[in-house]
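# Examining the three-dimensional arrangement
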Amino acid sequence: MLSLSESTIRASFVNATRKELNDLTLPADFDEIDWTKIDYLGWRDRKNPRRAFVVVPVDGSPVGIMLRQAEATPRTRAQCSWCRDVHLPNDVVFFSARRSGAGGRNGNTVGTLVCSEFECSANVRKTPPVAYVGFDVEAARTERIENLRMRAAGFAAEVLMA
């Protein structure tokens, strides 16, 4: 992912009000982010634990999305819709996002199951188990990274739909 500044991040949000953007706090470790090891930027709001933010590259431009965690938690172990890791070391929760534009103002939302602390980039970079003799582990890892990018961008595209 390309390195982003605070002003670029704030300007990228498509479904947040001015007040929500003014209240937005960046991740605590923002200055230490290794942009080469993440496929999107995701973090929880320190002031409101049910609110989260993601910035996803879509066609080379960042798209910021404000998320709201559902009050109910899945009854069974859910699979993250973005990284689809079957050996998750973390929880998966349901997040919803207002659509951008008139759809969002009318109350239309989209939802997804995502790793609770947005660990997807680390999950897809783990060495996958060898499935068979001759299995190309590095090709499988590269495919998982590309699929994560595609799914995250697909969610951002859904938010952008009017």
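Further up the page is the structure itself.
Per chain, the residues get numbers from 1 upward, laid out in the order the sequence is written. Local features are withheld for residues below a pLDDT of 70 in this predicted model, meaning they are given only at 70 or higher, and side-chain atom pairs are given and counted only at 80 or more; totals for whole chains, interfaces and linings count all residues. Excluding hydrogens and water, the side-chain values take into account all heavy atoms of the structure.

### Examining the overall build of the protein chain
Scanning the protein chain from N- to C-terminus turns up five helices and five strands. Helix numbers and strand numbers start at the N terminus; a helix is a DSSP run of H or I with at least 4 residues, a strand a run of E with at least 2. Taken from the N to the C terminus, the helices and strands of the protein chain come in the order α-α-β-β-β-β-α-β-α-α. Each radius of gyration is computed over the set of C-alpha atoms, and the globule rule expresses the reference value as 2.2 Å times the number of residues to the power 0.38. Against the compact-globule benchmark of 15 Å for 162 residues, the protein chain has a radius of gyration of 16 Å, which places it among compact chains. If one aligns the C-alpha atoms of the protein chain with their principal axes, the spans along those axes are about 55 × 35 × 30 Å. Whether two residues are in contact is decided by their heavy atoms, any of which lying within 4.5 Å being enough. Long-range contacts, defined here as pairs at least 24 residues apart, represent 57% of the contacts in the protein chain between residues at least 6 apart. Calculation of accessible area relied on Shrake-Rupley with a 1.4 Å probe; when residues are assessed, cover is drawn exclusively from the protein chains displayed. Of the roughly 9,000 Å² of accessible surface on the protein chain, a fraction of 51% belongs to carbon and sulfur atoms. Of the side chains in the protein chain, 22 bear a positive and 20 a negative charge, and the two mean positions are spaced by 6 Å. A residue counts as positive if it is Lys or Arg and as negative if it is Asp or Glu; His and the chain ends are not included. Taken as the charge centre is NZ of Lys, CZ of Arg, CG of Asp or CD of Glu, depending on the residue.

### Let's talk about the pairing of strand 3 (residues 61-69)
Bridging between strand 2 (residues 51-58) and strand 3 involves eight bridges; their strand directions are antiparallel. Directly across from V55, in strand 3, lies its bridge partner G64. A pair of strands is labelled paired if DSSP reports no fewer than 2 bridges between them. The hairpin turn running from strand 2 into strand 3, its antiparallel successor, is two residues long, and D59 in that turn takes a positive phi close to 50°. Alignment of strand 3 against strand 4 (residues 92-98), held across two bridges, turns out to be antiparallel. Each bridged residue has a counterpart across the sheet, and for Q69 the counterpart in strand 4 is F95.

### Considering the sheet that holds strand 4
Strands sit in the order 1-2-3-4-5 across an open sheet of five strands; the sheet is antiparallel. The sheet is open, and its two edges are formed by strand 1 (41-44) and strand 5 (109-115), each paired on a single side. Looking at each pair of strands side by side, their axes are set apart by 30° on average, direction ignored. Simply put, an axis is a line fit to the C-alpha atoms, just over the touching stretch for a helix, and the angle between two N-to-C directions goes from 0 to 180 degrees.

### A few points about helix 5 (residues 137-160)
Residues three or four positions apart in an α-helix share a direction because the helix packs 3.6 residues into each turn. The end-to-end C-alpha distance of helix 5 is 35 Å, a good match for the 34 Å that 24 residues give at a rise of 1.5 Å each. If you follow the buried residues of helix 5, they end up packed against strand 2, strand 3, strand 4, strand 5 and helix 4 (120-125). Contacts described as polar in this section are N or O atom pairs within 3.5 Å, which, within protein, must combine one atom able to donate a hydrogen with one able to accept it, while residues neighboring in sequence count only if both atoms come from side chains. With a side-chain oxygen lying 3.3 Å from the backbone nitrogen of E138, the N-terminal cap of helix 5 falls on D136. Given the number of residues in a helix, its expected span is that number minus one, multiplied by 1.5 Å.

### Some remarks on the pattern of salt bridges
Only one rule defines a salt bridge in this text: a Lys or Arg side-chain nitrogen within 4 Å of an Asp or Glu carboxyl oxygen. All told, the structure shown has twelve salt bridges when counted by the stated rule. Between E6 and R10 there is a salt bridge whose closest N-O contact spans 3.0 Å. Taken together, the residues span about one helical turn, with E6 and R10 both in helix 1 (residues 6-12) at a distance of four residues. Looking at E6, the relative accessible area reads 38%, which means it is partly exposed. Each residue's exposure class comes from its accessible area (1.4 Å probe, protein chains only) as a fraction of the maximum for that residue type: buried when under 20%, exposed when over 50%, partly exposed otherwise.

### Quick look at the packing of aromatic side chains
Paired rings are identified among Phe, Tyr and Trp, the last through its six-membered ring, by centres lying within 6.5 Å, and are further divided according to the angle between planes into stacked (under 30 degrees), edge-to-face (over 60) and tilted (the rest). For the structure shown, the criterion picks out eight aromatic pairs. Both rings, one in W82 and one in F155, keep their centres 5.7 Å apart while their planes meet at 55°; by these two values the pair is tilted. Highlighted residues: W82 in the loop between strand 3 and strand 4 and F155 in helix 5, separated in sequence by 73 residues. We note that W82, like F155, is buried.

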